[in-house]
Amino acid sequence: MWLLFVCTVYLLIGSANHDYGTFYNLVIFALLGMAPLAILLMAETGVLENLFEWFIRVITFLAAVSIPLWILGPIFHAISPNCSVDVTWMENAVHRPGYFYLLFETQTSNLLGASLTRNTSIFTEAPMYSYALCLALISEIHILKRKRILVVSILIAAVITSMSTTGVVFVCLLGFAELLRFSPKTRWQCGLKLLVLTAL
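Reading the values: rules and limits
Residues numbered from 1 in each chain as written. Predicted model: local features only at pLDDT ≥ 70, side-chain atom pairs only at ≥ 80, totals over all residues. Heavy atoms only, no water. Salt bridge = Lys/Arg side-chain N within 4 Å of Asp/Glu carboxyl O. Helix = DSSP H or I, 4+ residues; strand = E, 2+ residues; numbered from the N terminus. Buried < 20%, exposed > 50% of the residue type's maximum accessible area, 1.4 Å probe, protein only. Axes fitted to C-alpha atoms, helices over the stretch in contact; angles between N-to-C directions. Parallel < 35°, antiparallel > 145°, perpendicular 65-115°, else oblique. Left-handed = near helix turned anticlockwise from the far one by under 90°. Contact = heavy atoms within 4.5 Å. Phe/Tyr/Trp six-rings, centres within 6.5 Å; stacked < 30°, edge-to-face > 60°. Lys NZ or Arg CZ within 6 Å of the ring centre and 35° of its normal. Polar contact = N/O pair within 3.5 Å; in protein donor to acceptor, adjacent residues only side chain to side chain.

(A) Just the pattern of salt bridges, in detail. Taken as a whole and judged by the stated rule, the model has 5 salt bridges. Here Glu53 ties to Arg57 by a salt bridge, and the two come within 3.0 Å at their closest N and O atoms. Remark: Arg57 and Glu53 occur in helix H3 (residues 47-75); sequence separation between them is 4 residues, near one turn of the helix. Taking the relative accessible area as the measure of exposure, Arg57 reaches 44% and is therefore partly exposed. Each of Glu53, Arg57, Glu140, Arg146 and Arg148 takes part in one network of salt bridges that share partners.

If you want it as structure tokens, here you go:
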């Protein structure tokens, strides 16, 4: 059945391009045909769980290091930039200072009239960093089905310091989804705490 589906997709792609043998079509065929089977095989052997675990570890490490660097560097200027990188974005090269190659000053945001540097860690922009943090957060809570308080707290704090609206909304929605798991009485108490924390 799977082979029939993959061959049908391959024929549709080939008929749309009027070409059945190009490298592009063969790559699409390999991705559609082999990637899902490889993912299933990795899930059965436990490799996929290990990949998620390493992903969470790497992103949590970046978050745990970038938060203090962000506070000491761009926010309070207690440490000076000690590295830099030239970022080429749409043919414009921009010089970006950094701290130990683990945090770069790539974007600023206006918060209550003050211009603040966003925590982007090693990423080019805050939404990219926030996206990786949210993936790690959802992997920790819903894929590996763990809720290590320290890991979750670090990831949420990094999302907030990135000042990414999408990331903050995602964290709030994730919090409300977790809230729905409680009993009605506990849900009311937790909802009140979450509302107060969100307001802060």
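(B) Just the packing of H3 against helix H4 (residues 126-143), in detail. Where H3 contacts H4, the two axes come as close as 9 Å, and the packing angle between them is 130 degrees. In this view, H3 runs oblique relative to H4, as classed from their interaxial angle. In terms of crossing hand, the pair formed by H3 and H4 is left-handed. Along the contact surface, H3 presents Phe52, Phe55, Ile56, Ile59, Leu62, Ala63 and Ser66, while H4 presents Tyr129, Ala132, Leu133, Leu135, Ala136, Ser139, Glu140 and Ile143.

(C) Molecular detail of the packing of aromatic side chains. Counting across every chain of the model gives 2 aromatic pairs. Ring centres 6.3 Å apart and planes at 65 degrees place the aromatic pair Tyr101 and Phe104 in the edge-to-face group. By relative accessible area, which is 55% here, Tyr101 ends up exposed. Here Arg57 stacks its cationic end above the ring of Trp54, 4.9 Å away from the centre of that ring.

(D) Here's a closer look at the environment of Thr120. Within the secondary structure, Thr120 sits in the loop between strand E5 (114-117) and H4. As for Thr120 and Ser130, which are separated by 10 residues in sequence, their C-alpha atoms are 8.0 Å apart. Leaving out residues up to four positions away in the same chain, Thr120 has contacts with Leu103, Phe104, Thr106, Gln107, Glu125, Ala126 and Tyr129. A distance of 2.9 Å separates polar atoms of two side chains, one belonging to Thr120 and the other to Thr106.

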